[in-house]
Amino acid sequence: MQGTPTKTAVEPARAEVSAASLDAVAAAALDGIPPTRQEALALLGSGEDVLLDVVAAGARVRRRFFGDRVKLNFLINMKSGACSEDCSYCSQRRGSDAEVLKYPWLDPGAIADLADLAAAGGARRVCLVAAGKGPNQRDIGRVTKAIEEIRGRRPELEICTCLGLLGGAQAEQLRDAGADAYNHNVNTSEEHYGEVCSTHSFADRVDTVRRAGHAGLSPCSGAIFGMRETDEDIVDVAFALRDLGPASVPVNFLIPFDGTPLEGEWLLTPQRCLRILALFRFVFPNVELRLGGGREIHLRTLQPLALHLANSIFLGDYLTSAGEAAEADLQMIADAGLVVDGSEREPLDSSRRGAGDKTVAPRRRGAGTELPPNA
Ligand code: SF4
């Protein structure tokens, strides 16, 4: 008896990818034209023999629009854990047994102190994040105080907020307080969304991104890969995001936390991560593409190649897990021949950089609390 066909079992035959076809995709991207669905699927299914051609084609597009610059961003987890939602990838979901920090709202001064640290490390944007389905009015009041505190100290910093599902009036309050941007990732394709979360929908997330944009906040929305999605899902979410017109697009790779439903899901290879990033670069040629969570554990030694596709990374730790030491990331950027965006310095010469030449101290989540770091 035949089993139920899966999405992958009925995939059509894919076109071959060659250096010439990649040249055509890159040339189109330079003119602002995204790949066709067939080209996108072919790229995702391409072999190791053309991997460097894929990266080189994406890198041409990245160079054209972003030169040798890498933008640094810094996450501030203002309220951690105990969320009501059940996003299966998230260590803060309801019922999560992941051993992550749980703490209530940091006070505005502690949040601004972290923003100072971020600015000193070269970050141009801070992302103020709180776990939860969405903010209530009291939460909005807390966040607007934090924004005002940061604005008073660091007028040059871009401030992004990420508070879950947002109402239109709340978006306007954040904007009026001085927020520049709002992040809400759609995370995966609409078709796959029900496999990832049952407590809210893909459409809910899309609505929030739209509301943020309508209120004048720069919309930031991206995805997470490695959650059992098919190549079709990857293409679908890329095109759905393009329709939303975000100003920045984070690409995350699943950190499969113990104690979550996706514990033990190690489905990605460094090569697959690079193909996904290249696809996103072609779909978003002139949009900030941010290499997000999971880069260290999935790209591993190929991270520098990813910097030739993405033009933006997070510095330091993620919301509930340790990131790379900031010093190591700055070294990687310099070694790749790239320069931190907004840096007053000349490009760092890696041959002259020594152990005593430190500019940034690594940070740990839990700042502002008595709790230990959750490395
Ligand atoms: S709404 Fe946000 S914090 Fe809550 S489970 Fe989903 S991703 Fe995690």
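Residues numbered from 1 in each chain as written. Predicted model: local features only at pLDDT ≥ 70, side-chain atom pairs only at ≥ 80, totals over all residues.

What follows deals with the site of the ligand. Near the ligand, the surroundings consist of Cys83, Glu85, Cys87, Cys90, Gln92, Arg93, Ala131, Lys133 and Gly164. Looking at side-chain class alone, the shell around the ligand contains four nonpolar, two polar and three charged residues. (Near = placed C-beta within 6 Å. Nonpolar A, V, L, I, M, F, W, Y, C, P; charged D, E, K, R; others polar.)

Residue pairs spaced three or four apart in an α-helix point in one direction, given the helix's 3.6 residues per turn. With 14 residues, helix 9 (residues 231-244) should reach 20 Å at 1.5 Å per residue; the first-to-last C-alpha distance of 20 Å fits that figure. What helix 9 keeps buried is the set Asp231, Asp233, Ile234, Val235, Val237, Ala238 and Leu241. Contacts made by the buried residues of helix 9 are with helix 2 (37-44), helix 7 (190-196), strand 6 (223-225), strand 7 (248-253) and helix 10 (270-283). Following helix 9 by one or two positions, Gly245 adopts a phi angle in the positive range, close to 65°. (Helix = DSSP H or I, 4+ residues; strand = E, 2+ residues; numbered from the N terminus. Expected span 1.5 Å × (residues − 1). Buried ≥ 20, exposed ≤ 12 C-beta atoms within 10 Å, placed from the backbone. Contact = placed C-beta atoms within 7 Å.)

Residues Ile76, Val126 and Leu128 are the most contacted members of the largest nonpolar core, which totals 109 residues. Ranked by residues supplied to this core, first place goes to helix 10 with nine residues. (Core = buried A, V, L, I, M, F, W, Y, C linked by C-beta atoms within 7 Å.)

Our next topic: the pairing of strand 2 (residues 125-130). Burial analysis of strand 2 places six of its six residues in the buried class, the great majority of the element. Residue alternation in strand 2 divides its side chains into two sets, Arg125, Cys127 and Val129 and Val126, Leu128 and Ala130, and both sets are buried. As judged from the six bridges shared by strand 1 (residues 69-79) and strand 2, these two strands associate in the parallel manner. By the bridge assignment for strand 2, Leu75 is matched with Cys127. (Pairing = 2+ DSSP bridges.)

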